[in-house]
Amino acid sequence: MKAMTTNYQQGSVFYTRLLSYLNRRPKNIHHLQSSVYLITFEKDPPLILKGFDSFEKWDRQRELTSLLKQKGFTQTYYIHQNLMPFQYEGKWYGSIDYLPPSKKKFRYSNQKDRLEGIQLLESFHDVSEHLYIKAPVFDQSKKWKERLSLFKKNFSYIRQYVSGEIIKEWIGWGEWALDGFEKNQSLWNKEKKVIIHGDCAHHNFLRKADGTLTLIDFDLMASAPRCIDYLQYANRISNHLEDAATMLWQIPQLKKYQSDPAFLYALTYPTDIFREWNRQNKSSSQLHSVWKMTVEDFSERMEMNEKLKEKISSLNRK
């Protein structure tokens, strides 16, 4: 076997359970990331083996992908329902369709990809709006309060790498954005709830070998207005735009939110800065890139935030 790890050596508990689950012997087991494996066979098509945090998460995503396919949304994978997941070291392992990837990866730095990605999200929402699945209710305020609180606790650690004044500036924007968002988010209740993806990172958009763009990894799926996904998407692409405070509204799916105070406040919340530093306190593997977005990109981000702040003030004056 190629790229063996102790997790799936022949004779190990994991390998034994895998054989029982598959009911056939694999040719190769490739560890892709974390608890995700590519399983190949001599004759049968390959499949992806993925570890889910709980049986409920597996079952929820099984139901979602099945219903999506039934409703005509084919731009995703299918979680195999005829094989019940097996448990190993706190994870529930189930199998998923293998989607052969294109050599050309989806990138937020590419304008064509950015537009195609949000169009795919819109198509997903148009279908998920009509699905009846028991999913967690997303609470943006709670998530951001927890993220800000942890960032503040990590102040002394971050201070080793970043000026205290810059850290305080980020905290100030976080508090200001959160306060404004909470005072205006009632407007979002007008938007019908859908099943959102919940994690609009570029690596969850997979381009298949035939060129089709697909949406994968629904671990954070939740019940929420679709603007939550659009907000995440806008945050992810902003640093790839020359003037995000202006250019974001040229994207059709985002255009209507330029007069939504909650959305504008939310865009100034430094969610990526807080998220990455909170992760960084556990691992230093990406220290340089996190430092760069915090310090080198500081002026550009402040310029964007000030423009958004002025736009909010303009709306309030009307």
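This is a predicted model, so every value here is computed, not measured. (Residues numbered from 1 in each chain as written. Predicted model: local features only at pLDDT ≥ 70, side-chain atom pairs only at ≥ 80, totals over all residues. Heavy atoms only, no water.)

Undergrad: Which residues make up the overall build of the protein chain, and what values do they have?
TA: Each helix and strand in the protein chain was counted, giving 13 helices and 9 strands. Radius of gyration (C-alpha) of the protein chain: 21 Å, near the 20 Å computed for a compact globule of 318 residues. Across its three principal axes, the protein chain shows a C-alpha extent of roughly 65 × 45 × 35 Å. Counting the 318 residues in the protein chain, one finds 49% classified as buried. Within the protein chain, contacts between residues at least 6 apart in sequence are counted, and of these 68% link residues at least 24 apart. Summed over all atoms, the accessible surface of the protein chain reaches about 16,300 Å², with 47% contributed by carbon and sulfur. Charged side chains in the protein chain number 48 positive and 37 negative. The centres of these two groups are separated by 3 Å. (Helix = DSSP H or I, 4+ residues; strand = E, 2+ residues; numbered from the N terminus. Rg over C-alpha atoms; globule rule 2.2 N^0.38 Å. Buried < 20%, exposed > 50% of the residue type's maximum accessible area, 1.4 Å probe, protein only. Contact = heavy atoms within 4.5 Å. Areas by Shrake-Rupley, 256 points an atom, 1.4 Å probe, with all protein chains shown as cover. Lys, Arg positive; Asp, Glu negative; His and termini not counted. Charge placed at Lys NZ, Arg CZ, Asp CG, Glu CD.)

Undergrad: Now, about the packing of aromatic side chains: what can you tell me, with residues and values included?
TA: Enumeration according to the criterion identifies 32 aromatic pairs in this entry. Note on Phe-55 and Trp-92: the rings are 5.5 Å apart at their centroids and 70 degrees apart in plane angle, and the pair reads as edge-to-face. Of this pair, Phe-55 sits in helix α2 (residues 55–70) while Trp-92 sits in strand β5 (residues 91–97), placing them 37 residues apart in sequence. Accessibility expressed as a relative area gives 25% for Phe-55, which makes it partly exposed. A connected cluster of aromatic rings, assembled from ring pairs, spans Trp-144, Phe-151, Phe-181, Trp-188, Tyr-230, Trp-249, Tyr-257, Phe-263, Tyr-269 and Phe-274. The ring of Phe-41 has Arg-24 lying over it, and the distance from NZ or CZ to the ring centre is 4.1 Å. Positioned over the ring face of Trp-176 is Lys-309, at 5.4 Å from the centre of the ring. (Phe/Tyr/Trp six-rings, centres within 6.5 Å; stacked < 30°, edge-to-face > 60°. Lys NZ or Arg CZ within 6 Å of the ring centre and 35° of its normal.)

Undergrad: I'd love a proper account of the sheet that holds strand β2 (residues 36–40), names of residues and values included.
TA: Across the sheet, 5 strands lie side by side as β1-β2-β3-β5-β4; this open sheet has antiparallel pairing. For this open sheet the edge positions go to β1 (28–33) and β4 (86–88), each flanked by a neighbour on one side alone. For this sheet, the mean inter-axis angle between neighbouring strands, taken without regard to orientation, is 30 degrees. Across 3 bridges, β4 lies against β5 in antiparallel orientation. Note on β5: the bridge partner recorded for Gln-87 is Trp-92. The strands that helix α1 (residues 13–22) touches are β1, β2, β3 (47–52), β4 and β5; relative to β4, the one it contacts most, it runs at about 175 degrees. Along the sheet, α2 makes contact with β3 and β5, crossing β3 at roughly 135 degrees. (Pairing = 2+ DSSP bridges. Axes fitted to C-alpha atoms, helices over the stretch in contact; angles between N-to-C directions.)

Undergrad: Explain the pattern of salt bridges to me, using residue names and the numbers behind them.
TA: Taken as a whole and assessed by the stated rule, the structure comprises 23 salt bridges. Here Arg-279 ties to Glu-276 by a salt bridge, and the two come within 3.2 Å at their closest N and O atoms. Pair noted here: Arg-279 and Glu-276 are both in helix α11 (residues 271–280), with a separation of 3 residues, about one helical turn. The class for Glu-276 is buried, based on a relative accessible area of 16%. The network of salt bridges with common partners includes Asp-126, Glu-129, Lys-192 and Arg-226. (Salt bridge = Lys/Arg side-chain N within 4 Å of Asp/Glu carboxyl O.)

Undergrad: Please give an account of the packing of helix α7 (residues 227–238) against helix α10 (residues 261–268) that cites residues and values.
TA: Where α7 contacts α10, the two axes come as close as 10 Å, and the packing angle between them is 40 degrees. Crossing of α7 over α10 shows right-handed handedness. Where α7 approaches α10, its residues Cys-227, Tyr-230, Leu-231, Ala-234 and Asn-235 are matched on the opposing element by Phe-263, Ala-266 and Leu-267. Looking at the contact of α7 with α10 residue by residue, the class counts come to 7 nonpolar, 1 polar and no charged. (Left-handed = near helix turned anticlockwise from the far one by under 90°. Nonpolar A, V, L, I, M, F, W, Y, C, P; charged D, E, K, R; others polar.)

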